[in-house]
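Architecture and fold: a report
Each chain is listed here by its residues.
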Amino acid sequence: MKDCIFCKIVNNEIPAEKVYEDDDILAFEDINPKAPVHILLIPKQHFASLNEIPKDQKEILSHLMLTARKIASEKKIGKKGYRIVLNTGKDSGQEVFHIHLHLFGGRRMTWPPG
Ligand code: AMP
Ligand code: ZN
């Protein structure tokens, strides 16, 4: 989608520190990390948020989640623990309207989230 920063990363129009890529999804380092491990996972296809994922494409969600699990294991935080966040809409704090999972780890997380 034109003017979407994450679509530009998918299309290699702007750089990113990629950590995983296949035909359907991409994972890359967050540019402004909030934890020692902070990776974003996105579908290559543009969907603004969880609200826009069609029911017939629900597999993309499990693919993102299980890839986050795999990356957590590779980054050696799989056993200590990690947090996956999916902000949806303005009240959640979503700023980039191309659906993305945050994978956080490497420090003790607080609860409840802000
Ligand atoms: P959210 O508030 O859930 O929409 O999170 C958007 C995230 O995207 C933030 O953590 C930003 O630091 C991150 N971000 C924005 N632009 C870039 C970029 N060009 N490369 C990597 N991460 C980015
Ligand atoms: Zn996009």
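Note: the structure precedes this text.
So, here is what we can say about the structure in this document. Values in this document were obtained by computation on a predicted structure and should not be read as measured data. (Residues numbered from 1 in each chain as written. Chains lettered and ligands numbered in written order. Predicted model: local features only at pLDDT ≥ 70, side-chain atom pairs only at ≥ 80, totals over all residues. Heavy atoms only, no water.)

Here's the deal with the overall build of the protein chain
The following threshold applies: Counting from the N terminus, the helices are DSSP H or I runs at least four residues long and the strands are E runs at least two residues long. Radius of gyration here is computed from C-alpha atoms only, and the compact-globule reference equals 2.2 Å multiplied by the residue count raised to the power 0.38. Three exposure classes are used, based on accessible area relative to the maximum for each residue type with a 1.4 Å probe and protein chains only: buried under 20%, partly exposed in between, and exposed over 50%. Between two residues, a contact is recorded if the distance between any of their heavy atoms is within 4.5 Å. Charge convention: Lys and Arg are scored as positive, Asp and Glu as negative, and His as well as the terminal groups of each chain are ignored. Taken as the charge centre is NZ of Lys, CZ of Arg, CG of Asp or CD of Glu, depending on the residue.
When you go through the protein chain residue by residue, the secondary structure sums to two helices and five strands. When its helices and strands are written in sequence order, the protein chain yields α-β-β-β-α-β-β. Computed over its C-alpha atoms, the radius of gyration of the protein chain comes to 14 Å, within 12% of the 13 Å expected for a compact globule of 114 residues. By its C-alpha atoms, the protein chain is 35 × 30 × 30 Å across when sized along the principal axes. Residue burial in the protein chain is summarised as follows: out of 114 residues, 35% are buried. Nonlocal contacts in the protein chain, meaning residues at least 24 apart in sequence, comprise 53% of its contacts between residues at least 6 apart. In the protein chain, which carries 17 positive and 15 negative side-chain charges, the distance between the mean positions of the two groups comes to 9 Å.

Looking at the site of ligand 1
Keep this limit in mind: The near set for a molecule or strand comprises every residue that places at least one heavy atom within 4 Å of it. Pairs of N or O atoms within 3.5 Å make up the polar contacts considered here, provided that, within protein, one atom can donate a hydrogen while the other can accept it, and that residues adjacent in sequence are counted only when both atoms are side-chain atoms. Throughout, the Shrake-Rupley method with a 1.4 Å probe supplies accessible areas, and for residues the shown protein chains are the sole cover considered.
Near ligand 1 lie 18 residues; those nearest to it are Asp30, Glu95, Val96, His100 and His102. Taking Val96, its main chain carries an N or O atom lying 2.9 Å from an oxygen atom of ligand 1. In this structure, an oxygen atom belonging to ligand 1 sits 2.7 Å away from a side-chain N or O atom of His100. Summarising the interface, the protein chains cover 87% of the accessible area of ligand 1, which totals 510 Å² for the free molecule. Elements with a minimum of two residues in the shell around ligand 1: helix H1 (5-10), strand S2 (25-29) and strand S3 (37-43). Considering each element in turn, the shell around ligand 1 owes the most residues, three residues, to H1.

Quick word on the coordination of the zinc ion (ligand 2)
In plain terms, the rule: A donor here means any N, O or S atom no more than 2.8 Å from the metal (3.2 Å for Na, K and Ca); water is not included, so a site may seem to lack partners. Donor angles set the geometry label: tetrahedral for four donors if every angle is between 85 and 135 degrees, square planar for four and octahedral for six if opposite donors exceed 155 degrees and the others are between 65 and 115, irregular for anything else.
Protein coordination at the zinc ion (ligand 2): the donors are Cys4 (SG), Cys7 (SG), His46 (ND1) and His98 (ND1), at 2.0 to 2.3 Å from the metal. In this structure, the zinc ion (ligand 2) is surrounded by four donor atoms whose angles at the metal cover 107 to 115°, and the resulting shape is tetrahedral. Written as a sequence motif, the donor residues of the zinc ion (ligand 2) are C-x2-C-x38-H-x51-H. Taken together, the residues span a long stretch of sequence, with Cys4 in the segment before H1 and His98 in the loop between strand S4 (82-85) and strand S5 (101-105) at a distance of 94 residues.

Points about the packing of aromatic side chains
Aromatic ring pairs: the centre-centre distance and the angle between the two ring planes describe each pair. Let me state the cut-off plainly: Stacked, tilted and edge-to-face are the three classes assigned to paired rings of Phe, Tyr and Trp, where Trp is represented by its six-membered ring and a pair needs centres within 6.5 Å; plane angles under 30 degrees give stacked, over 60 edge-to-face, the rest tilted.
Under the definition given, this model contains one aromatic pair. With a centroid separation of 5.4 Å and an interplanar angle of 80°, the aromatic rings of Phe6 and Phe28 are classed as edge-to-face. Here Phe6, found in helix H1, pairs with Phe28, found in strand S2; they are 22 residues apart in sequence, far enough to count as distant. Here Phe6 and Phe28 have matching classes, each one buried.

Thoughts on the sheet that holds S4
Stated formally: For two strands to be treated as a pair, DSSP must find at least two bridges joining them. Comment: axis = line fitted to C-alpha atoms, over the contacting stretch for helices; angle = value between 0 and 180 degrees taken between N-to-C directions.
Across the sheet, which stays open at both edges, the five strands sit in the order S1-S2-S3-S5-S4 with antiparallel pairing between neighbours. Taken across any chain shown, the strands that pair with only one partner, and hence form the sheet edges, are strand S1 (18-21) and S4. For this sheet, the mean inter-axis angle between neighbouring strands, taken without regard to orientation, is 20°. Bridge count for S1 against S2 is three bridges, and the pairing is antiparallel. Note that in S2 the partner of Glu21 across the bridge is Leu26.

None of this, on its own, says anything about what the molecule does.
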